[in-house]
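One letter stands for each residue in the lines below.
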Amino acid sequence: MNRNEFLKLSGLGLVASRINVLENAPFSLPTLGYSYDALEPHIDKLTMEIHHSRHHKAYVDNLNKAVGTSSKSIEELLATISTQPVTVRNNGGGHWNHSFFWQLLAPATGKQPSAALIKQIQADFGSLDTFKTEFAKAATSRFGSGWAWLTWNGSKLVISSTANQDNPLMDVAEVKGKPILALDVWEHAYYLKYQNKRADYIAAFWNVVNWDFVSRQFESK
C-alpha cells in the first residue's frame, strides 16, 4: 500500500468513525411540534430558527462530546450535576431546558390553565394575574442570562429563577422540584425582535404558552 492509498483509506476510516460517533451519540436535537414562524408575531421566525437550530444544537453537540458514550439520561446527569464537569452543567442544562421550553410554546389559542392548575395557582398566589406578575418579576430581575421557573416543590407551586442554564432538577439548585413552566431570558431568545426590552418579550410570552402541556406537567407531579 502506497502513501496515497493509506491516506485515502485512513481518511475514509476517520469519516466512518465520526459518523459512527454521531449515530451513537446519546443526545439529539428534538424536533419542534410547529414551524419556526408559528409563534409570530409574539416570537419571530428568525429568532426561533437561530435559537433552535444553532443555539440548542450547539448544546447538544457539546454535551455529546463531553459525555462520550455515557448511558446516563439527561435527568440523571442533572441530578448529580455537582459531580459533573462544568461543560456538562452548561450544555446538559441547556439541552434539557430548551427541550422543555419548546414544548411550553404553541401558536396562540387563547387557552387557559386547567381547572386543577388554576385552583393551585389561586391557593399559592391568589390569582392567575398575580401569578403572572410575580413570574414576570422573576424573569425581569434575573441579572444577565438565565431562566424563570414555576416549580412544584412537593407541597406548593414556587416561582424562582436560575442563572445561565441551571434548572430546578439540579442538585445545586436553591429551589428544587418538578418544573411546571419556564421562560428563557437569555438575550438570544428575544433580542432580534425586542432588543433590550425584556419586559415586552415576557408580556408577549403569555400569548404563546401551551397551557395544555403546562397543565399536564402539573397534573402528573
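- The chain appears in an unreviewed UniProt entry as Superoxide dismutase from Aquirufa avitistagni.
- Reading the Function (unreviewed entry) entry of the UniProt record for the chain gives the comment "Destroys radicals which are normally produced within the cells and which are toxic to biological systems."
- The heading Catalytic activity (unreviewed entry) in the UniProt record of the chain holds the text "2 superoxide + 2 H(+) = H2O2 + O2".

Examining the packing of helix α2 (residues 45-67) against helix α4 (residues 86-103)
Now for step 1: For the pair α2 and α4, the least separation of the axes is 8 Å and the interaxial angle reads 140°. In terms of orientation, α2 lies oblique with respect to α4. Where α2 crosses over α4, the handedness of that crossing is left-handed. Contacts between α2 and α4 involve M48, H51, H52, H56, A58, Y59, V60, N62, L63, A66 and V67 on the former and, on the latter, T87, V88, N90, N91, G92, G94, H95, H98, S99, F101 and W102.
Now for step 2: Taken together, the residues of the contact of α2 with α4 break down into 10 nonpolar, 12 polar and no charged.

Considerations on α4
Now for step 1: Counted at 1.5 Å a residue, the expected span for α4 with its 18 residues is 26 Å, and the 26 Å between its end C-alpha atoms agrees.
Now for step 2: Across the 18 residues of α4, 13 count as buried, placing the element largely inside the fold.

Re the nonpolar core
Now for step 1: With 58 residues, the main nonpolar core has F131, F135 and L181 as its most contacted residues.
Now for step 2: When residues in this core are grouped by element, the largest group, six residues, is from helix α6 (residues 128-141).
Now for step 3: Residue contacts for F135: discarding those within four places in its chain leaves A148, W149, L150, I159, L181, A182, L183, F205 and W206.

Regarding the packing of aromatic side chains
Now for step 1: Inspection of every chain in the model, using the stated rule, returns 17 aromatic pairs.
Now for step 2: Ring geometry for Y190 and Y201: centres 4.9 Å apart, planes at 20°, overall stacked. Of this pair, Y190 sits in the loop between β3 (178-184) and α7 (191-194) while Y201 sits in helix α8 (residues 198-205), placing them 11 residues apart in sequence. The same class applies to Y190 and to Y201, which are both buried.
Now for step 3: Between Y194 and Y201, the ring centres sit 6.1 Å apart and the planes meet at 55°, which makes this aromatic pair tilted.
Now for step 4: In this structure, K221 packs its charged tip against the face of F218, placed 4.1 Å from the ring centre.

Concerning the side chain of H188
Now for step 1: Within the fold, H188 resides in the loop between β3 and α7.
Now for step 2: Residues contacting H188, with those up to four places away along its chain left out, are T47, H51, H55, Y59 and H98.

What counts, and at which threshold
- Residues numbered from 1 in each chain as written.
- Predicted model: local features only at pLDDT ≥ 70, side-chain atom pairs only at ≥ 80, totals over all residues.
- Heavy atoms only, no water.
- UniProt positions renumbered as here; feature names shortened; annotations may be inferred.
- Axes fitted to C-alpha atoms, helices over the stretch in contact; angles between N-to-C directions.
- Helix = DSSP H or I, 4+ residues; strand = E, 2+ residues; numbered from the N terminus.
- Parallel < 35°, antiparallel > 145°, perpendicular 65-115°, else oblique.
- Left-handed = near helix turned anticlockwise from the far one by under 90°.
- Contact = heavy atoms within 4.5 Å.
- Nonpolar A, V, L, I, M, F, W, Y, C, P; charged D, E, K, R; others polar.
- Expected span 1.5 Å × (residues − 1).
- Buried < 20%, exposed > 50% of the residue type's maximum accessible area, 1.4 Å probe, protein only.
- Core = buried A, V, L, I, M, F, W, Y, C linked by side-chain atoms within 4.5 Å.
- Phe/Tyr/Trp six-rings, centres within 6.5 Å; stacked < 30°, edge-to-face > 60°.
- Lys NZ or Arg CZ within 6 Å of the ring centre and 35° of its normal.

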